[in-house]
Amino acid sequence: MMLASCSREQEAPKDVFALGADIGWSTWMEADGMKLYNYEGEEREATALMKELGLNAIRHRVWVDPSKHGNWCNSADLLEKCKRAKALDMDIMVDFHYSDWWADPAKQNIPAAWDGHSYEEMKQDLRKHTIEVLTLLKDNGITPKWVQIGNETTNGMLWSVEMDPVTGWEVKDENGCTTITHSMGHCERDPEQYGGFIGAGYDAAKEVFPNTICIVHLDNGFDADLYNKNLDIVKNGGGKWDMIGMSLYPYWTMESHPEYTFERMLQECVDNIKALADKYGTDAMIVETGYQVDEQHPEIMEMGRDQLAKLIDAMKNETDGHCHGVFYWEPTCRPNQYKLGAFGSDGKPTEIMKGFKANN
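I will try to describe carefully the structure that is included in this document. These numbers were taken from a predicted model, which means no experiment stands behind them. The written sequence of each chain sets the order in which its residues are numbered from 1. Residue-level local features of this predicted model are given only where pLDDT is at least 70; pairs of side-chain atoms are given and counted only at 80 or more, and the full residue set underlies all totals for whole chains, interfaces and linings. Only hydrogens and water are set aside; all other atoms, that is, all heavy atoms of the structure, feed into the side-chain values.

## What about the overall build of the chain?
Thinking step 1. Broken down by element type, the chain carries 9 helices and 12 strands.
Thinking step 2. Seen along its three principal axes, the alpha-carbon backbone of the chain occupies a region of about 55 × 50 × 45 Å.
Thinking step 3. Buried, partly exposed and exposed residues are distinguished by accessible area as a fraction of the type maximum, computed with a 1.4 Å probe on protein chains only: under 20%, between the cut-offs, and over 50%, respectively. Burial statistics for the chain: of 360 residues in total, 56% are counted as buried.
Thinking step 4. Contact definition: two residues touch when any of their heavy atoms are within 4.5 Å. If you take every contact in the chain between residues at least 6 apart in sequence, the share linking residues at least 24 apart comes to 77%. Comment: elements are numbered from the N terminus, with helices defined as DSSP H or I runs of at least four residues and strands as E runs of at least two.

Printed below as a string of structure tokens:
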């Protein structure tokens, strides 16, 4: 049954399954002198290398004002990276964080320029930012296939937490919890406003690109209770979406839920996608996944390759057509930068990246 709060107008084509990667750090890595190579040791630009490795789509985040963080992932940086993807005829996903830096389940910090604004003013801020960024792309001949209205808005969006002035990261207590300092769209505190923000972003994106597929993105794709609760809040607050984006990380899942196996997590994610399609009338994508790189233990990377291949196969063949793609988050990171990348310290892809071609 179709619910009025959702839309299937721009459903992704059934015959196109996205194999993608978020390589938002690519321009920063270049500027820092970090080089990338293919399996044969030939130097490659990151976007071109993703295509060479069998991918057909690229995902890039955008922050509101990252001037305190080198201006990477601002609108101009986004444009440069999207130009590269377009030149290679790769589909593009734009991931709006609606923050000046990282937004995730632990924090959704309100951009400095928006802080102190009322709810209605902040909706206009969000709308203006969305339109400005997408219009910049449109004016340069770039049409994103997907637009995320927020990043991992598991607990809502536009709510700030206590930050460490030295490290720049959120402060967590002994239980790993953050302290909210200002909330405008937290799921528990301001549920209607959370739905309103999602709706404002959706409408703004459609104003520039009527055919783009708008995504609501949450973490832990296996957690049915989370998705039903969050999406009901969005729906009840007047929010809309065309597709559900999921993060699914076996490593983090099994670290926080020791009772889980990879197989259990994968099956529950498949079941969740099918149930959500039945309830809300909208399909899904895995917009983030990742597997551990351990260069001293090749068997761990072989396991990552196999798990990635199994994930792609399950999303293609076990969701009754309700999943439209799988994206890897920042595969080109070196192991000392992020342990769930997919490249080695030599700048070459590890065995993990072969998971993308395993079923071809």
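## Some remarks on unusual backbone geometry
Thinking step 1. A positive phi angle, close to 60°, is found at Asp89, a residue other than glycine.
Thinking step 2. Structurally, Asp89 is set in the loop between α3 (75–87) and β5 (91–96).
Thinking step 3. Of the residues examined, Asp89 reaches a relative accessible area of 69% and is grouped as exposed.
Thinking step 4. Positive phi values are uncommon outside glycine, yet Asn220 reaches one of about 45°.
Thinking step 5. Along the chain, the position of Asn220 falls in the loop between β9 (213–218) and α6 (224–236).

## Re the nonpolar core
Thinking step 1. If you look at the biggest cluster of nonpolar residues, it comprises 98 residues, and the most contacted ones within it are Met50, Tyr194, Ile286 and Met315.
Thinking step 2. With sequence-adjacent residues up to four places away left out, Met50 is seen in contact with Ala21, Ile23, Leu55, Ile58, Met90, Pro331, Thr332, Phe343 and Met353.
Thinking step 3. In terms of nonpolar packing, the next biggest core, distinct from the first, is built from 10 residues, Ala18, Ala57, Trp146 and Phe327 among them. To form a nonpolar core, buried Ala, Val, Leu, Ile, Met, Phe, Trp, Tyr and Cys residues must be joined to one another through side-chain atoms within 4.5 Å.

## Some words on the packing of aromatic side chains
Thinking step 1. Only centres within 6.5 Å qualify two rings of Phe, Tyr or Trp (six-membered ring in Trp) as a pair; their planes then separate them into stacked at under 30 degrees, edge-to-face at over 60, and tilted for everything else. Overall, the coordinates contain 16 aromatic pairs when judged by the stated rule.
Thinking step 2. Summarising the aromatic geometry, the rings of Tyr119 and Phe197 are spaced 5.3 Å apart at their centres and angled 70° between planes, so their arrangement reads as edge-to-face. One end of the pair, Tyr119, is in helix α4 (residues 119–139); the other, Phe197, is in helix α5 (residues 191–208), with 78 residues separating them in the sequence.
Thinking step 3. Owing to a relative accessible area of 18%, Tyr119 belongs among the buried residues under this scheme.
Thinking step 4. Within the aromatic cluster, the residues linked to one another by ring pairs are Trp25, Trp28, Trp63, Trp101, Trp102, Trp169, Trp329 and Tyr338.
Thinking step 5. Here the basic side chain of Arg264 rests over the ring of Tyr260, its NZ or CZ set 3.8 Å away from the ring centre.
Thinking step 6. We count a charge as sitting over a ring when the NZ of a lysine or the CZ of an arginine lies within 6 Å of the ring centre and within 35 degrees of the ring normal. Positioned above the aromatic ring of Tyr39 is the side chain of Lys354, whose terminal nitrogen or guanidinium carbon lies 5.1 Å from the ring centre.

## Thoughts on the pairing of strand β11 (residues 283–288)
Look at any regular strand and the pattern is simple: side chains alternate between the two faces of the sheet.
Thinking step 1. Most of β11 sits inside the fold, with 6 of its 6 residues counted as buried.
Thinking step 2. One requirement defines pairing of two strands: DSSP has to find at least two bridges between them. Inspection of the sheet shows strand β10 (residues 243–247) paired to β11 by 5 bridges, in the parallel sense. Paired with Met246 across the bridge in β11 is Ile286.
Thinking step 3. Both β11 and strand β12 (residues 323–329) contribute to a ladder of 2 bridges, which runs parallel. The residue of β12 that forms the bridge with Ala284 is Cys323.
Thinking step 4. Whether a crossover is right-handed comes down to one check: with the strands pointing away from the viewer, does the path from the first strand over the helix to the second run clockwise; if it does, it is right-handed. As for the winding sense of the linkage, the β-α-β connection from β11 through helix α9 (residues 298–317) to β12 is right-handed.

So yeah, pure geometry; function would need other evidence.
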